[in-house]
Amino acid sequence: MRLSHRVTQFRESVIRDMTRLALRHEAINLSQGFPDFATADVILETAVKAIRDGFNQYTLTWGYPPLLEKLAALYSERLGWEVSPERHVTVTCGVSEGIIDAALAVLNPGDEMIVLEPAHDNFRPAAYIANATPVPVPLEAPDFRLDAARLRAAVSSRTRALLLNTPHNPTGRVFDEAEMTAVTEVVLENDLVLITDEIYDRILYDGRQHVSPGSREALRERTITIGGLGKTYAITGWRLGYVIAPDAFAQGIRQIHDYTTVCAATPLQMAALTALNLPQSYYEESLQAYHGRRALMMEILWDVGFAAREPEGAYYVMADYTGLNAPQAQLAPMPFAQWLTSEVGVAVVPGDSFYSLPGYGAGIVRFAYPKKLETLEAAGERLRANL
Ligand SMILES: Cc1ncc(COP(=O)(O)O)c(C=O)c1O
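None of the values given here were measured: they were computed from a predicted structure.

Notes on the overall build of the protein
(1) Moving on: A count of helical and extended segments in the protein gives 12 helices and 13 strands.
(2) Moving on: A buried classification covers 48% of the 387 residues belonging to the protein.

This is the structure in structure tokens:
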């Protein structure tokens, strides 16, 4: 009895592995990116009421119709083309499913998909699951800028898609105009499909504004835009995401979704609509709170002796531990992260686990800070006491 070749090409998620290690050692979990603060009451109440009111069966495969309508209206405005709730929107079980749906819908066996590294750990498996090959383009510490020449050099005759995540996990980068121009040129010159992961579209710092890459006129016809609700509304366990795809791809994506998950949870989709209808003040308060969390996280890291740049978006920071005044500063990222989790009581993710390219991510661990200030303070106490 043998496994498929496909599943031998990747392993289980290192991030979720670190969460299990954190649970075993009762460490403060700054490894996996999920909030430990409360979800807005009104979102919870809608879900509970929907369950109590009997909305417990399958909904329309593509999504709960009023939610499709809401997303279509939001993205018509954001992308600048008429997104139809009947055709272009698919509600998925998280962004993770959306990415795999998109990969399965556009990649043929043997195709290549460009993935910027460091990359969220679901990106490379998405290509492998489609019997395609992920082709890495490295972003180099400490500034993690996208190098246009390297991006160009990664294209081959087999390249079919480019997967872009902005705001970016794990670097905290928000790709700027010059970087986005390079992406646009490479996509157009090589007739590629652009798949975007915009799950952190509401978490940008210092007045930065999120611009969906698919809103660029030249990219509209060839961009699959993926977003999610887990991070913005602190409901990562509800597994809610969505794909906005132009006509060329929408039906294919729906077919994959139809036969993998049938539909996302009905009562939770109803609550998602409540979430998307929250007033502007919700986002302002959330963003203000994230600025506070980022400030505290950076203060702790700098104070302890990590070298790290302030994130521009999302809620992660890549921290270089090689200057720490501790013998463990010589360790490779995985043993360092394991030591920090089991002995110091603060769980992080080894930086090299975000790269497939050898030699990258050395001396770096990722901290996730979507946490209550008291959680971050408690982590800070442990770090200060041990480093
Ligand atoms: C960039 C990125 N994409 C996708 C995901 C997963 O999203 P979801 O929980 O909606 O599947 C995450 C979660 O951390 C992420 O950081």
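Some thoughts on the sheet that holds strand 8 (residues 241-244)
(1) Moving on: Spatially, 2-8-7-6-5-3-4 is the arrangement adopted by the seven strands of the open sheet, whose pairing is mixed. Lying at the two open borders of the sheet, with one neighbouring strand each, are strand 2 (89-92) and strand 4 (133-138). Looking at each pair of strands side by side, their axes are set apart by 20 degrees on average, direction ignored.
(2) Moving on: Pairing of strand 5 (residues 159-165) with strand 6 (residues 193-197), which is carried by five bridges, proceeds in the parallel orientation. Residue pairing across strands places Leu163 opposite Ile195, the latter belonging to strand 6.
(3) Moving on: Helix 4 (residues 94-106) contacts strand 2, strand 3 (112-117), strand 5, strand 6, strand 7 (223-228) and strand 8 of the sheet and is inclined by roughly 35 degrees relative to strand 8.

Details of the site of the ligand
(1) Moving on: By nearness alone, 14 residues border the ligand, and Gly94, Val95, Ser96, Asn169 and Gly228 come closest of all.
(2) Moving on: Examining the composition of the shell around the ligand, we find that three residues originate from one element, helix 4, more than from any other.

Here we look at the pairing of strand 4
(1) Moving on: Summarising the sheet, strand 3 and strand 4 pair through six bridges and their orientation is parallel. Its bridge partner being in strand 4, Val115 is matched across the sheet by Pro136.
(2) Moving on: In this fold, strand 3 hands off to helix 5 (residues 123-129), which returns the chain to strand 4; that crossover is right-handed.

Section: the sheet that holds strand 10 (residues 316-320)
Whether parallel or antiparallel, the strands of a sheet pair through hydrogen bonds between backbone atoms.
(1) Moving on: Across the sheet, four strands lie side by side as 9-10-13-12; this open sheet has antiparallel pairing. Taken across any chain shown, the strands that pair with only one partner, and hence form the sheet edges, are strand 9 (307-308) and strand 12 (349-350).
(2) Moving on: Pairing of strand 10 with strand 13 (residues 364-368) involves five bridges; the strand directions are antiparallel. Of the residues in strand 13, the one forming a bridge with Tyr316 is Ala368.
(3) Moving on: The strands that helix 10 (residues 280-304) touches are strand 9, strand 10 and strand 13; relative to strand 10, the one it contacts most, it runs at about 5 degrees.

Section: the environment of Tyr233
(1) Moving on: As for its position among the elements, Tyr233 is in the loop between strand 7 and strand 8.
(2) Moving on: In sequence terms Tyr233 and Thr59 are 174 residues apart; their C-alpha atoms lie 22 Å from each other.
(3) Moving on: In this structure Tyr233 touches Thr39, Ala40, Ile43 and Ala275, once residues within four positions along its chain are discounted.

Comments concerning unusual backbone geometry
(1) Moving on: That bond from Glu117 to Pro118 is cis: its omega, 10 degrees, falls within 30 degrees of zero.
(2) Moving on: Structurally, Pro118 is set in the loop between strand 3 and helix 5.
(3) Moving on: Geometrically, the link from Ala141 to Pro142 is a cis peptide bond, its omega value of 5 degrees lying close to zero.
(4) Moving on: Even without being glycine, Asp206 reaches a positive phi, approximately 55 degrees.
(5) Moving on: Looking at the secondary structure, you find Asp206 in the loop between strand 6 and strand 7.

A look at the pairing of strand 10
(1) Moving on: Among the five residues in strand 10, five count as buried, and that is most of the element.
(2) Moving on: Residues of strand 10 alternate between two faces, with Tyr316, Met318 and Asp320 on one and Val317 and Ala319 on the opposite face, all of them buried.
(3) Moving on: By the bridge criterion, two bridges tie strand 9 to strand 10 in an arrangement that is antiparallel. Within strand 10, the residue paired with Ala308 across the bridge is Ala319.

Re the environment of Ala245
(1) Moving on: Locating Ala245 in the fold gives a position in the loop between strand 8 and helix 8 (247-260).
(2) Moving on: The spatial distance from the C-alpha of Ala245 to the C-alpha of Gly54 is 31 Å, given a sequence separation of 191 residues.
(3) Moving on: Those residues within four positions of Ala245 in sequence are excluded, and the remaining contacts are His88, Ile224, Ala250 and Ile253.

Brief notes about the domain arrangement of the protein
(1) Moving on: Domain annotation for the protein reports domain 1 (6-32 + 280-386) and domain 2 (41-276).
(2) Moving on: Each of domain 1 and domain 2 was reduced to a C-alpha centroid, and the two centroids are 25 Å apart.
(3) Moving on: The partner domain 2 presents 28 residues to the 28 residues of domain 1 that form the contact.
(4) Moving on: Of all elements in the fold, only helix 1 (14-25), helix 10, strand 10 and strand 13 reach the threshold of two or more residues within the side of domain 1 that touches domain 2.
(5) Moving on: Here the residues of the side of domain 1 that touches domain 2 sort into 16 nonpolar, six polar and six charged.

Procedures and definitions
Along every chain, residues carry numbers that run from 1 in the direction the sequence is written. Predicted model: local features are reported for residues with pLDDT of at least 70 only, side-chain atom pairs are reported and counted for 80 or more only, and whole-chain, interface and lining totals are derived from all residues. Counting from the N terminus, the helices are the DSSP runs of H or I reaching at least four residues and the strands are the DSSP runs of E reaching at least two. As a rule, residues whose C-beta atom has 12 or fewer other C-beta atoms within 10 Å are exposed, those with 20 or more are buried, and those in between are partly exposed; C-beta atoms are placed from the backbone. A strand pair is defined by DSSP finding two or more bridges across the two strands. An axis is simply a line fitted to the C-alpha atoms; with a helix, the fit covers only the stretch in contact. Between two such axes, the angle follows the N-to-C directions and lies from 0 to 180 degrees. Contact between two residues is assigned whenever their backbone-derived C-beta positions fall within 7 Å. The criterion for a residue being near a molecule or strand is a backbone-placed C-beta atom within 6 Å of that molecule or strand. Looking down the strands as they point away from the viewer, one classifies a crossover as right-handed if the path from the first strand across the helix to the second runs clockwise. Note: domain ranges come from an automatic or database domain assignment. The classification used treats Ala, Val, Leu, Ile, Met, Phe, Trp, Tyr, Cys and Pro as nonpolar, Asp, Glu, Lys and Arg as charged, and all other residues, Gly among them, as polar.

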